Amino acid sequence: MHFQWDWLCLGILIISSVTAEIESQDTPDADVEVEDFDKQSQEADIDGEKSSLEVVYQTPKPTGEVYFTETFDGVLAGWVLSKTKKEDTDDNIAKYDGRWEVEELKENTVPGDRGLVLKSVAKHHAISAMLTKAFIFDNKPLIVQYEVNFQEGIDCGGAYIKLLSSSDDLNLEYFFDKTPYTIMFGPDKCGEDYKLHFIFRHKNPKTGEYDEKHAKRPDVDLKKFYLDKKTHLYTLVLKPDDTFEMLIDQSVVSKGSLLEDMVPPVNPSKDIEDPSDKKPDDWDERPKIPDPNAVKPDDWDEDEPSKIEDPDAVKPEGWLDNEPQYVPDPNAKKPKDWDEEMDGEWEAPQIPNPKCETAPGCGHWVRPMKNNPNYKGKWKAPMIDNPNYQGIWSPRKIPNPDYFEDLHPFKMTTVSAIGLELWSMTSDIYFDNFIICSEKEVADRWAADGWGLKKLVASANEPGMFSQLVTAAEDHPWLWVLYILTLALPVGLGVLFCWPAKKTDEDVDFKKMDISKPITKGELNQEELEDDEIELEAKENEDTAEDERREMEETKRELVKDTKKMEREAPPSEDEGEGGEDIDDEEENEIADGSQEEGDKSNKSGSEDEMKEADESTGSGRGPLKSVRKRRVRKD
């Protein structure tokens, strides 16, 4: 196994060296590049405003019928700044005095491409322009599209647009928050609430009043579009079949029906609750009631407490009854500015009694409380189904006097102007390439010539993989752990499998057992001599034990003889004499049997030794040596 890993490691090293050689050959001018680094840095500073991708920008031009376009690449013509004030607001901030500028993007700049930028913070901004041609909601779709870039991110503010309703008294110099609009569309954010508005004002055909209808919130996460400081394309598509779509960067983020997916609904309900209807006094809404036939049991004691003292509790040994839990701080001193007439008698602050720290407790011992097994609480009758239950009361329904049915809410109020009326706590919000048309192909071509070019430049200026990983780790520090583990794993595996392993004693013993080697004559003689020494030592130990056993047997025989002699000198009774003789005979038999067994063992061992000698002498070349050794041991 180690042999295979050695070859694997050698192959890896060879491949690495060849790769390094190829790389060195591919970069012969590396030293020149390092020397010219300062020069390149200076050139980068001079051309810092230029894109890393050489692009030729041309102002987008519509390829079909349009109602409004604006690229902000030329003179800002047709746009009107509002001169009015916002109602119901403090006079200090009510005026629409926020500043607008036409300039290029700060990052990922496309030379020659400029946009409208909101510059002021915490001010009201209002600017508007008339459409080239009013849009009438008839049988053509409405497509509204423009670009937004939150160059400094966004804390609280919006970047939505308003399509102003056509009217005879429309004056753009007095454009403010109460100016009637038909559609409001675009991004808005405050705090952690990220929104994409689509609101249209619907005219009640019965009363002539307008109500705002809000599209349901998109299901996608919009956060990245507000924080990545990239230019994003916002598109609203309204179709004559009363459906809508909202897109960001040409991907649908929300769609639905003007009849079903607006809040509140366009059409009111046919029936409403009768406002004059009142619930009867005898109306019973209780599904369960106490059982009127239930009776409290006689043994139910409501006076039993829920907790009682534990009668089995015993005061812990070492409890200090005479020691208080808190004592005055002996190290505390009365402040010098203490006035007893004004502040009263000074007392040292209380601290925990140090004697109580080593004791189970101090002060008067009280038995702990436990749950009362006899406690039942206040008796209550069980609940049963209410036979008089009438359900939850609700007012009766009556026909809605304000009911109407608008089957085509797409037919909204005609649009004749576009405006931005915004408040923001962040500056440098960039707007560009507005278009209002009816053909999706026209809008897509317009986007390709404008937003598509910005996207291409931004992609070319994207940082490398390493920079992206570092940036991601700055936002999520836990990624550093993942990076370290990812780098350490291959290094650790390489060290584990490629580093030469140190042979242990166990490996050596294992190899000795597995691999058979031929034994020479000298090694054989050495082995036999060592075996002889071991067997001689074992035999000497056996002989010593045999001598001790024989001495004990001789001592036992002498003791038996002395006992017999004493019994003969003292004449015993008949029974005793017979018993004594039996005992003596048994003892003698036991001794004789023991001697006989020992003789048998010695004879048996002798015969076994002789058989082994014969087998070994015929079985191998070591036979003569072993037979001589065993005969010498038996002789000793």
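Since the structure is predicted, the reported quantities are computational estimates derived from the model, not experimental observations.

Rules used throughout
- Residues numbered from 1 in each chain as written.
- Predicted model: local features only at pLDDT ≥ 70, side-chain atom pairs only at ≥ 80, totals over all residues.
- Heavy atoms only, no water.
- Patch = residues over 30% accessible without salt bridge, like charges linked within 9 Å, V, L, I, M, F, W, Y side chains within 5 Å.
- Areas by Shrake-Rupley, 256 points an atom, 1.4 Å probe, with all protein chains shown as cover.
- Salt bridge = Lys/Arg side-chain N within 4 Å of Asp/Glu carboxyl O.
- Helix = DSSP H or I, 4+ residues; strand = E, 2+ residues; numbered from the N terminus.
- Core = buried A, V, L, I, M, F, W, Y, C linked by side-chain atoms within 4.5 Å.
- Buried < 20%, exposed > 50% of the residue type's maximum accessible area, 1.4 Å probe, protein only.
- Contact = heavy atoms within 4.5 Å.
- Phe/Tyr/Trp six-rings, centres within 6.5 Å; stacked < 30°, edge-to-face > 60°.
- Lys NZ or Arg CZ within 6 Å of the ring centre and 35° of its normal.
- Disulfide = S-S within 2.5 Å.
- Pairing = 2+ DSSP bridges.

**Regarding a nonpolar patch on the surface**
Among the surface-exposed residues, L489, L493, L496 and F497 lie close enough to one another that they form a single nonpolar patch of about 390 Å² accessible area. Relative to the assigned elements, L496 resides in helix 10 (residues 479–498).

**Brief notes about the nonpolar core**
Judged by nonpolar contacts, the single largest core of 62 residues is most densely connected at I183, F198, L238, I418 and F431. In this view, L238 contacts F137, P141, L142, I183, F198, T243, F244, L258, F410 and M412; residues no more than four positions away in its chain are not counted. Counting nine residues, the second largest nonpolar core, distinct from the first, contains V66, I143, V237 and V442.

**Looking at the packing of aromatic side chains**
Tallying each qualifying case throughout the model produces 15 aromatic pairs. Ring geometry for F72 against F434: centres 5.9 Å apart, planes inclined by 75°, an arrangement best described as edge-to-face. Separated by 362 residues along the polypeptide, F72 in the loop between strand 1 (66–70) and strand 2 (79–81) and F434 in strand 25 (residues 429–437) bring together distant segments of the chain. Its relative accessible area of 2% is what places F72 among the buried residues. Aromatic side chains F135 and F137 sit 4.9 Å apart centroid to centroid with 85° between the ring planes, which places their arrangement in the edge-to-face category. Across this residue pair, the class does not change: F135 and F137 are buried. Ring-pair connections join several aromatic residues into one group, and the members of that group are F68, F72, W79, Y146, F185, Y234 and F434. Cation over ring: R201 sits above Y181, and NZ or CZ is 5.7 Å from the ring centre.

**As for the state of the cysteines**
Taken as a whole and assessed by the stated rule, the structure comprises two disulfides. A sulfur-sulfur separation of 2.1 Å characterises the disulfide bridge that pairs C156 with C190. The disulfide joining C156 to C190 has a torsion of about -90° about its S-S bond and is therefore left-handed. One end of the pair, C156, is in strand 7 (residues 156–158); the other, C190, is in strand 9 (residues 181–190), and 34 residues separate them in sequence. Between C356 and C362 runs a disulfide, and the two sulfur atoms are separated by 1.8 Å. The S-S bond linking C356 to C362 shows a torsion near -125°; that makes this disulfide left-handed. Classification of C362 by relative accessible area gives buried; the value is 5%.

**A few points about the pairing of strand 25**
Most of strand 25 is tucked away: nine of the nine residues are buried. Of the strand pairs in this sheet, strand 1 and strand 25 are connected by four bridges, and their pairing is antiparallel. Among the inter-strand pairings, F68 is bridged to a residue of strand 25, identified as I436. Looking at chain direction, strand 4 (residues 115–118) and strand 25 are connected through three bridges and run antiparallel. Counted as the bridge partner of V117 is Y430 from strand 25.

**A few points about the pattern of salt bridges**
Scanning all chains against the criterion turns up 31 salt bridges. A salt bridge links R99 to E101, with the nearest nitrogen and oxygen atoms 2.9 Å apart. Assessed through its relative accessible area of 43%, R99 is described here as partly exposed. A residue is classified by how much of its surface remains accessible, and E101, at 31% relative accessible area, is partly exposed. One salt bridge in this structure joins D277 and R396, with 3.3 Å as the shortest N-O distance. Residue D277 is found in the loop between strand 16 (271–273) and strand 17 (288–290), and its partner R396 is found in the loop between strand 22 (383–385) and strand 23 (397–399); the two are separated by 119 residues along the sequence. Judged by relative accessible area, which is 17%, D277 ranks as buried. Look at the salt bridges and you will find they share partners, linking E103, K106, K119, E152 and D428 into a network.

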